[in-house]
Amino acid sequence: MLTPEQLAGLRRDIQFSAQLGGRTLEFRSTWGLFSPREIDEGTRLLLDHLHIEPGDDCLDLGCGYGPIGLTLAALAPQGRTLLVDKDFVAVDYANRNARLNRLDNAEARLSNGFDQIEPERRFDLIASNVPAKVGKELLALLLHDAHARLRPGGRLYLVTINGLRQYMKRNLNEVFGNYDKLKQGAHYTVALAQRD
């Protein structure tokens with residue numbers, strides 16, 4: 001049985017720093033969020049293979065405590081980055097981490113996919129570490145909504161487990177008319193689709 005001190009320790013924020021996109025970012029997280037103690041392999045692979053301009057308006061879809069979105073905000077200081085997640089704890093930590101890293105151009109909010117994002121808001125870059133168990137129905141909605149919300153020339157970067165690689169290739173080709181496998185690692189694949 002855990003002692004009161006051990007329980008108190010589990011309730012404290014997890015704190016760590018990570019090198020992402022050539023920057024050192026500080027993170028706070030907690031148990032119950034995805035990969036709470038370190039940046040996961042898929043996220044690192046994604047961030048190593050995306051191209052971002054300083055003025056890009058970005059969206060991190062399913063942001064967790066914010067490693068992807070906050071890296072995008074740091075690399076695109078003249079743009080605005082929105083981070084969304086359906087978990088209110090994740091959104092709270094993502095906003096706290098934005099403040100911690102003094103990223104005034106980043107904001108996290110609660111949204112299931114695009115449903116709480118202003119219909120007229122558009123992005124130059126959308127990035128997501130797609131959960132392995134996302135479900136084909138939600139994935140179909142996310143891909144169609146991402147296409148609709150990207151500006152012409154806008155880029156969708158996705159990292160998925162390798163088991164979803166062919167599914168993503170088929171569906172990105174169907175929705176965007178293109179698909180580029182940027183990197184296949186031991187467990188994850190990074191894909192890019194661009195809006196014409």
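The model shown is predicted, which means the values in this text are computed figures rather than measured ones.

The rules behind the values
The numbering scheme is per chain: residues are counted from 1 as the chain's sequence reads. At least 70 in pLDDT is required for a residue's local features to be given in this predicted model, at least 80 for side-chain atom pairs to be given and counted, and no such filter applies to totals for whole chains, interfaces and linings, which use all residues. Note that the side-chain values use all heavy atoms of the structure and ignore hydrogens as well as water. UniProt positions are given in the numbering used here, feature names are shortened, and annotations may be inferred rather than shown by experiment. Each helix is a run of DSSP H or I of at least 4 residues and each strand a run of E of at least 2, with the numbering of both proceeding from the N terminus. The rule is simple: take the accessible area with a 1.4 Å probe, protein chains only, and divide by the maximum for that residue type; under 20% is buried, over 50% is exposed, in between is partly exposed. Contacts are assigned to residue pairs that have any heavy atoms within 4.5 Å of one another. In the analysis that follows, any N or O atom pair within 3.5 Å is treated as a polar contact, provided that within protein one partner can donate a hydrogen and the other can accept it, and provided that, for residues neighboring in sequence, both atoms belong to side chains. Two strands pair under a simple rule: DSSP has to find at least two bridges between them. Throughout, an axis means a line fitted to C-alpha atoms (over the contacting stretch in the case of helices), and angles, computed between N-to-C directions, take values from 0 to 180 degrees. By convention, a stacked pair of Phe, Tyr or Trp rings (six-membered ring in the case of Trp) has centres within 6.5 Å and planes under 30 degrees apart, an edge-to-face pair has planes over 60 apart, and any other such pair is tilted. Whether a set of points on the 1 Å grid over the protein atoms alone is a cavity depends on a 1.4 Å probe fitting there but being unable to get out, while an open set qualifies as a pocket with protein on both sides within 12 Å along at least five of seven lines; lining residues are those with an atom within 4 Å of a point. Grid points are joined across faces, edges and corners, and a volume is the space filled by probe spheres set on the points. Under the grouping applied here, Gly and all other residues not named as nonpolar or charged are polar, the nonpolar ones being Ala, Val, Leu, Ile, Met, Phe, Trp, Tyr, Cys and Pro and the charged ones Asp, Glu, Lys and Arg.

## Things to note about the UniProt feature "domain: Methyltransferase small" (unreviewed entry) in the chain
Item 1. Taken from the UniProt record, the annotation "domain: Methyltransferase small" (unreviewed entry) applies to residues 25-190.
Item 2. With 34% helix and 28% strand, residues 25-190 has end C-alpha atoms that lie 22 Å from one another.

## Things to note about the environment of H49
Item 1. Here H49 is to be found in the loop between α2 (41-48) and β3 (58-61).
Item 2. Residue class for H49 comes out partly exposed when judged on its relative accessible area of 28%.
Item 3. Between the C-alpha atom of H49 and that of L156, which follows or precedes it by 107 residues, the distance is 12 Å.
Item 4. Among residues more than four places away in sequence, those in contact with H49 are Y157, L182, K183 and V190.
Item 5. There is a polar contact of 2.9 Å between the side chain of H49 and the backbone oxygen of L45.

## Quick look at the sheet that holds strand β8 (residues 180-184)
Strand pairing in a sheet relies on backbone hydrogen bonds, with the paired strands running either antiparallel or parallel.
Item 1. Spatial strand order, β5-β4-β3-β6-β7-β9-β8: seven strands in an open sheet with mixed pairing. This sheet does not close on itself; its edge strands, each paired only once, are β5 (106-110) and β8. Ignoring strand direction, the axes of neighbouring strands in this sheet form an average angle of 15 degrees.
Item 2. Both strand β4 (residues 81-85) and β5 contribute to a ladder of five bridges, which runs parallel. Residue pairing for β5: T81 is matched across the bridge by A106.
Item 3. Along the sheet face, helix α4 (residues 88-100) touches β4 and β5 and points at about 170 degrees away from the line of β5.
Item 4. Sheet contacts for helix α5 (residues 136-149): β3, β6 (123-129) and β7 (150-161); angle to β7, the most-contacted strand, approximately 150 degrees.

## Digging into the packing of aromatic side chains
Item 1. One pass over the structure, following the stated rule, counts three aromatic pairs.
Item 2. On the basis of an interplanar angle of 90 degrees and a centroid distance of 6.1 Å, the ring pair of F16 and Y65 is categorised as edge-to-face. Taken together, the positions of F16 in strand β1 (residues 14-20) and Y65 in the loop between β3 and α3 (67-75) put the pair 49 residues apart, joining distant regions of the chain.
Item 3. Look at F16 and you get buried, because its relative accessible area is 13%.
Item 4. Plain terms: the ring middles of F27 and Y65 are 5.7 Å apart, the flat faces sit at 70 degrees to each other, and that makes the pair edge-to-face.

## A closer look at the layout of surface pockets
Which parts of space are left empty comes out when a probe the size of a water molecule is rolled across the atoms.
Item 1. The computed volume of the largest pocket comes to approximately 800 Å³.
Item 2. Forming the walls of the largest pocket are 39 residues, and the residues nearest its centre are L61, G62, D85, N129 and P131.
Item 3. Of all elements in the fold, only β3, α3, β4, β6, α5 and β7 reach the threshold of two or more residues within the lining of the largest pocket.
Item 4. Residue contributions to the lining of the largest pocket peak at five residues, all from α5.
Item 5. Along the lines of polarity and charge, the residues of the lining of the largest pocket split into 23 nonpolar, 10 polar and six charged.

## Examining the pairing of strand β2 (residues 23-29)
Item 1. Two elements, β1 and β2, share seven bridges in a ladder whose sense is antiparallel. Of the residues in β2, the one forming a bridge with Q19 is T24.

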